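# Examination of the molecular architecture
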Amino acid sequence: MPHRRIIRRIRLIGPHLGRRGMILATLGTLLGLLLGILLALSLMGQLTQALADLYGPNPIDLLRLSPASLGKALVIGLLGTLAANLPGWWQLLRQSPLALREGNSRPPAHPWQRRGLAIAILLLCALCLWRPETGLGGALFVAGGWLLAMALLLPDALRSLLGRLRARGPLTARLGVAETLYHLDRTAIAVMALQLAIAAAIGIGVMVSSFRSSVEIWLGQRLAADLYVTAPKGVAGSRGALGEQTLNTILASPDVRAASRRSVHPARWQGQPIEWAQMDFIPELKAAYPLLAGRWPAAPDEVLASEPLTVRLGVRVGQRLEVTSEGGPRAFTVTGVYQDYGSDKGQILHAFEGGKVQSLALFSPDPEHLGDRLRSQFGEQVNLLPAPAIHAAALRVFDQTFVVTELLKLLILGIAFVGIGSAFMVLGLARRGELQTLQSLGLSPRHCRRLLVWQGAGLGLLTALLALPVGYGLAWVLIEVVNPRAFGWRLAFEAAPLHAVTALLLAPVCGALASWYAARRVV
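Computed from a predicted model, the values in this text were never measured in an experiment.

### Section: the nonpolar core
One finds L158, F211, V215, L285, Y289, Y341 and L349 to be the most contacted residues of the largest nonpolar core, which totals 61 residues. No other element matches helix α6 (residues 135-165), which puts 11 residues into this core. Residues contacting Y289, with those up to four places away along its chain left out, are R222, R262, M279, W296, Y338 and L349. Judged by nonpolar contacts, the second largest core, of 17 residues, contains V229, L242, I250 and F352.

Right, dumping it as C-alpha cells:
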C-alpha cells in the first residue's frame, strides 16, 4: 500500500494499474539477475580453490551462464512479484476513488484463510515425512513448507504476545505496544519476511555447525595411523599407484610397526555407481571404523557397507550384492555398516586382495623420523602426510566450501532488512496524522522518533524470539531429512547457540535502524 495516493490519481486518469507493476517487477528481476551473476563471480575463487584442494587441478576457470537457469530466475521473479502484489491490487481496484481518497482503508487480514493454508501445508509436510519414497523433493518441500507455515502463523503469535504486553509497563511503552498491535496488519508481511530470514539463517547455521562437528569427530576416528603415504595424482586428478619397489621398501622399514594397504575402484550395483574400497583389516585400523551395525568380515566374499549406501540405496546387513567392476562381476555379503562422510555415492569395504596400492597407512613409534627418512629417500615420488596435517587440511576445505552459505545468510538478512525498512516507512506515512496529534498534545518530534525506534526494536526482538523454534525446526529437517535423502549422511545435532544469540542481537538492531530511517522521513 505504499503508493495509495499515486494509485488514486492513476485510477482517476485511467491507465491500467498492472502495467506499472510489471515494469517494476521486470526491473527488479533484471537487477536481481545482475547481482546474482556478480555474486557468482565473486565466489568462483573460493569454489575453484576448494575443488583444487579436493581433486587437484580442475578446468573450472570461467563462469558459465545457463540460459535455462536465467530464464527460470526471470519467470520466478516476475511471477513472485505479481503474486505478492495481486491481493493489494485487487483490494484497491474494488474500492471507489472516493473511498481511496480518504486513505484510511486497511489491508484485509483474512485470518482463517491464512490459518487454514498453514495447517494444510503442515499436513502435506507430515505426509512427506511419513512417506520416505517422496525422496529429496519431499524433503525440500518439508523444509520450505515448514518456513512458510510458521510465517503464516506469525501474526497470530505476535498478536497474542502484544496483547499480553499491552497492559504492562509505563504509559509510553503501553502506547507503543497498542499502536504496534493496531498496525500489525500493515507490518505483517515485513515481520514474516524477517522471521523467514532469521529462521533460515539459524537453520542453515546449525546444520553447517552440526556437519562440521560430525566431520571433525569422524576425522579424529578415521585418521588413526601416524603417517599416510600416497602416490602423486595421475592424469586429470585420478588416483595414482605406488610402485612395487617403493611399496616393498617402505613396508620393510624398521620404523614401521604396522601398515595397511588401501585402494579404491569404481563399481556399480544395480546400475548405481558406488566405490569398492580394499584395505588390510589390521587391528590398529578397526577402531577407526566403528560399526553402526553388524560385524567385521571374516570370509573373502564378505564386505562392510558405508552408511550412505544403506540410506540411499537401501542395502541391509546380510544382503547379497552383485557388484560389477573393471575386473568383472563379484558377489558379496554385507556383514556390517560403518559411518562414512568421504563418499556420498556409497562404498563397500573389502579385505585387500592384491593389485595396485594407492595409499598406505603407517603406524610407527617415531613418525617424524620415519617421515624425514622417507622424504629424503623418495622425494616427490610419494606424498607423505601426517594425520594432523590431513585433519587440518580437510577442515580448511570444509570451511572454504561452506563460505557460500555464510554469504547467503547475509544476503537473506539484508533482504529482510530492506523489507522491514520499507514496511516501517509505509507505516510511518500512514501514521503521520497520529504523530501530528501526539505532537499537538506535547510530545516532541524527538520523542515521536524515539517511540518509533523502540517499536521497531521491540517488534524485531519478538520476531526473533518466535523465529528461534522455527530455525531449530528447520535445522532438524535439514539434518534428519534432507541430508540423509540427498547424501545418505546422518549428522549429530549440535545446538550451536551462537547462531541464536546472534539472531537475538541482530533482529532488534535491524528493526531499530529500519524504524529510525523511517522516522527521520515522516517526523
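### As for the packing of α6 against helix α8 (residues 184-222)
Orientation of α6 relative to α8, taken along the N-to-C sense of each, is 130°, at an axis distance of 9 Å. Relative to α8, the element α6 lies oblique. Two packed elements cross with a definite hand, and for α6 against α8 that hand is right-handed. Contacts between α6 and α8 pair L147, L148, M150, A151, L152, L154, P155, L158 and R159 from the former with L184, D185, A188, V191, M192, Q195, L196 and A199 from the latter. When its residues are assigned to classes, the contact of α6 with α8 shows 14 nonpolar, 1 polar and 2 charged.

### Section: the side chain of S210
Among the structural elements, S210 can be located in helix α8. For S210, the residues in contact, after removing those within four places along its chain, are I479, A492, F493 and E494.

### Regarding the pairing of strand β6 (residues 320-325)
Regular strands have side chains that alternate between both faces of the sheet. Side chains of β6 alternate between two faces, with L321, V323 and S325 buried and R320, E322 and T324 left unburied. As judged from the 3 bridges shared by strand β2 (residues 258-269) and β6, these two strands associate in the antiparallel manner. Looking at β6, one finds that A267 is bridged to S325. Across 6 bridges, β6 lies against strand β7 (residues 328-338) in antiparallel orientation. Residue pairing in the sheet places R320 in a bridge with T333 of β7. Counting the residues in the hairpin turn of β6 and β7 gives 2 residues.

About the criteria used
Residues numbered from 1 in each chain as written. Predicted model: local features only at pLDDT ≥ 70, side-chain atom pairs only at ≥ 80, totals over all residues. Heavy atoms only, no water. Core = buried A, V, L, I, M, F, W, Y, C linked by side-chain atoms within 4.5 Å. Buried < 20%, exposed > 50% of the residue type's maximum accessible area, 1.4 Å probe, protein only. Helix = DSSP H or I, 4+ residues; strand = E, 2+ residues; numbered from the N terminus. Contact = heavy atoms within 4.5 Å. Axes fitted to C-alpha atoms, helices over the stretch in contact; angles between N-to-C directions. Parallel < 35°, antiparallel > 145°, perpendicular 65-115°, else oblique. Left-handed = near helix turned anticlockwise from the far one by under 90°. Nonpolar A, V, L, I, M, F, W, Y, C, P; charged D, E, K, R; others polar. Pairing = 2+ DSSP bridges.

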